[in-house]
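For reference, the chains in residue letters:
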Amino acid sequence: MLTLNYTYRIYPSSDQQAQMLEWLETCRRLYNRCLRDLKDWINSRKCSVDYCSLEKEYIMSPDIPFPNYLEQKRQLTQWKKTDPFLKDVYSQTAQDVVKRMHNTWEAFKQRGSGFPRYKKFGQYHSFYYPQFKDNPITAESGGINRDGGIPSPRRLFKRGCQIKLPMIGLVPINQHRPVPDGFKVKGVRVVSRARNTQWYVVVTIQCDVSIPDTQPFGRAIGIDIGLENFLTTSDNFTVVPCRFFRDLQSRLKVLQRRVSRKQKRSKNWEKSQIKVARLHHQIANTRKNFHLHIAHQLCDQADSIFVEDIDFRVSSKGFLGKQMLDGAFGQFRALLQWVCWKRGKYFGQVDHRFTSQICPNCNSHTGKKDLSVREHQCSECGYQTTRDHAAAEVIKQRGESSIVPLDGRERKQPTECVLAGSNKTSQVQRRNALL
Ligand SMILES: [Zn+2]
C-alpha cells in the first residue's frame with residue numbers, strides 16, 4: 001500500500017474561515033478534556049505509601065477503567081449532549097481528536113519522556129476528515145493552473161476547482177497538481193498557517209501497489225554538508241550556503257519591533273503579528289523550495305547518493321546554531337531521501353565518525369582538524385584538496401563499501417508508477433539500460 005500526502009492551498013470565504021476557527025477551538029478543548037481525564041486517572045492511581053499528602057488527593061473509584069481511546073470515544077457521545085459546540089463539529093473529526101491525543105500518549109510511552117501537554121488558545125492548527133467515499137476535489141480540465149502562479153479565488157471559482165469538505169461546503173482550491181490515476185483520497189487534513197490567514201489541505205492519497213526498495217546501482221556520490229558551502233559532493237560540486245533567515249532578519253527585526261510597540265491583544269497588534277507570521281512562513285517556504293531544487297539537481301548527477309548520519313540537533317545548539325538552523329540540514333536530508341525515492345535513486349546513510357580525519361587517497365588517519373582548517377593535506381601520501389571535498393570522498397567510499405553486491409537476476413525491478421512532477425519512467429528506463 002502506497003500512501004502519499006499532497007498539499008494544496010485553499011481559499012475559504014470569511015464565513016467558512018470563522019466556522020473552521022470555531023472547530024479548531026472546539027477540537028482544542030476536546031483534546032484538553034481527554035488529556036485531563038487521562039491525567040486524573042493516572043494521578044488517582046498514584047499514592048504515597050508512607051504518608052497522606054497534605055495538599056491534594058485524587059480519589060477515583062477503582063472500578064473506573066483506564067480512559068483509553070475506545071473508552072473516550074464512547075464517552076464522546078455523552079459529552080456531545082452537554083456541549084453544544086461539540087455537536088457542530090463533524091463527528092469523525094471529533095473522534096480523530098481523541099485519537100490524536102492517544103497517539104501522543106502512546107508516543108510518549110515509547111519515548112519515555114515528554115509527557116503530553118495541554119494546548120493553549122491558538123495552539124491547535126489542524127483538523128482531519130478520516131474518510132471519503134469518493135474524490136472530494138471537483139476540478140475542471142485536470143485542475144492544473146496553466147498560467148502558473150496563484151490565481152485569484154474568484155477565478156478559481158469560475159474554473160470550478162473546489163474541494164468539498166463535509167459540513168463546511170465547497171472551498172476553492174489551487175490544485176496545482178492532479179491526483180495521479182489509480183489513487184484514492186483517504187483523508188483530508190485542513191491546516192491553518194500564518195496566524196490563521198492562510199489555509200491549506202493535506203490530501204492523503206492511497207494506491208494498492210507495492211514499490212520495492214531501490215538497490216544501490218550506477219554512479220555513486222558522497223555528500224558532505226557544512227557551513228562554508230551548503231554541501232560539497234565527491235565530484236567537487238558545491239552549493240553556496242543559504243541565508244534565508246539571516247537575510248530577512250533585519251526585516252523581521254523591524255516588524256517585531258512594531259509589534260512590541262502596539263498594545264497587546266489590540267487590533268493593530270494582531271495586524272502586525274500577522275506580518276511577522278507571514279514573513280516566517282515565507283522564509284520557511286523559500287528554504288524548502290531551495291532544498292527540493294538541490295535534491296533534484298543531485299539526483300540528476302548520480303544514481304546512488306550517500307550522506308552522513310549526523311544528528312544535527314546537537315550542532316544546532318552550539319555557537320554556530322543560527323547558521324545550522326538556517327541551513328535546516330535535517331529537513332534537507334529528509335527531502336533528499338524523498339526525492340531519491342520518487343526518482344528511483346538509491347539513498348544511503350553512512351557512519352559520520354572521523355569523516356574529516358581520514359585521507360580518502362590512502363586511508364590513513366590524519367588526526368583531528370580544527371574547524372578553522374579548511375584544507376586537507378595528507379602527510380603520508382601528499383594528497384591535497386579542500387576539507388569538505390575530502391570528507392565527501394570518504395563518505396562515498398564508505399557508502400560503496402557498505403553495498404553488498406547483488407546478482408543481476410536477483411535485482412528487483414521497481415514498479416512503474418508515474419507521480420506528478422517526477423520523471424520516474426524515464427529514470428527507470430535509463431537505469432535498466434545501465435544495468
Ligand atoms: Zn593520504
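Basis of the calculations
- Residues numbered from 1 in each chain as written.
- Predicted model: local features only at pLDDT ≥ 70, side-chain atom pairs only at ≥ 80, totals over all residues.
- Helix = DSSP H or I, 4+ residues; strand = E, 2+ residues; numbered from the N terminus.
- Buried ≥ 20, exposed ≤ 12 C-beta atoms within 10 Å, placed from the backbone.
- Contact = placed C-beta atoms within 7 Å.
- Expected span 1.5 Å × (residues − 1).
- pLDDT = per-residue confidence, 0-100.
- Pairing = 2+ DSSP bridges.
- Core = buried A, V, L, I, M, F, W, Y, C linked by C-beta atoms within 7 Å.
- Axes fitted to C-alpha atoms, helices over the stretch in contact; angles between N-to-C directions.
- Parallel < 35°, antiparallel > 145°, perpendicular 65-115°, else oblique.
- Left-handed = near helix turned anticlockwise from the far one by under 90°.
- Nonpolar A, V, L, I, M, F, W, Y, C, P; charged D, E, K, R; others polar.

(A) Inspection of the overall build of the chain at higher detail. Within the chain one finds twelve helices and 14 strands. A total of 435 residues make up the chain; the buried ones form 24% of that total. For the chain, long-range pairs separated by at least 24 residues make up 68% of all intrachain contacts whose partners lie at least 6 apart in sequence.

(B) Layout of helix α7 (residues 267–301). Between its terminal C-alpha atoms α7 stretches 52 Å, which fits the 51 Å expected from 35 residues at 1.5 Å a residue. Along α7, the positions that sit buried rather than exposed are His 291, Ala 295, Leu 298 and Cys 299. Where α7 is buried, its residues touch β11 (304–308) and α10 (329–342).

(C) Spatial organisation of the confidence of the model for the chain. The pLDDT averaged across the chain works out to 81; a share of 87% of its residues lies at or above 70. A low-confidence stretch, residues 141–145 (pLDDT under 50), is modelled with ten contacts involving residues beyond four sequence positions or located in other chains. A low-confidence stretch, residues 407–435 (pLDDT under 50), is modelled with 43 contacts involving residues beyond four sequence positions or located in other chains.

(D) Region of interest: the pairing of strand β5 (residues 169–174). Relative to β5, strand β1 (residues 2–10) runs antiparallel, the two being bridged by two bridges. Opposite Arg 9, over in β5, you have Asn 174 as the bridge partner. The sheet contact formed by strand β4 (residues 162–165) and β5 spans four bridges and is antiparallel. Bridging across to β5, Leu 165 finds its partner in Gly 169. Counting the residues that bridge the hairpin from β4 to β5 gives three residues, and of these Met 167 lies at a positive phi of roughly 70 degrees.

(E) How the structure looks around the nonpolar core. Formed by 35 residues in total, the largest nonpolar core has its most connected members in Cys 27 and Tyr 31. Elements with a contribution of two residues or more to this core: β1, α1 (14–45), α4 (91–111), β2 (126–129), β4, β5, β6 (184–193) and β7 (198–207). Here Tyr 31 is in contact with Val 97, Arg 100, Met 101, Lys 119 and Tyr 124, once residues within four sequence places are set aside. In terms of nonpolar packing, the next biggest core, distinct from the first, is built from 29 residues, Ala 302, Ile 305, Ala 390 and Ala 391 among them.

(F) Representation of the sheet that holds β11. As summarised here, the arrangement of the five strands in space is β10-β9-β8-β11-β12, forming an open sheet in which the pairing is mixed. Lying at the two open borders of the sheet, with one neighbouring strand each, are β10 (238–239) and β12 (346–350). Contacting β8 (220–225), β9 (231–233), β11 and β12, helix α11 (residues 387–402) runs over the sheet at an angle of about 135 degrees to β8.

(G) Structural context of the packing of helix α2 (residues 69–82) against α4. The geometry of α2 relative to α4 is characterised by a closest axis approach of 10 Å and an angle of 150 degrees between their N-to-C directions. As far as their axial angle goes, α4 and α2 are roughly antiparallel. Between α2 and α4 lies a crossing whose hand is right-handed. For the pair α2 and α4, the contacting residues are Tyr 69, Gln 72, Lys 73 and Leu 76 in the first and Ala 94, Gln 95, Val 98, Lys 99 and His 102 in the second. Taken together, the residues of the contact of α2 with α4 break down into four nonpolar, three polar and two charged.

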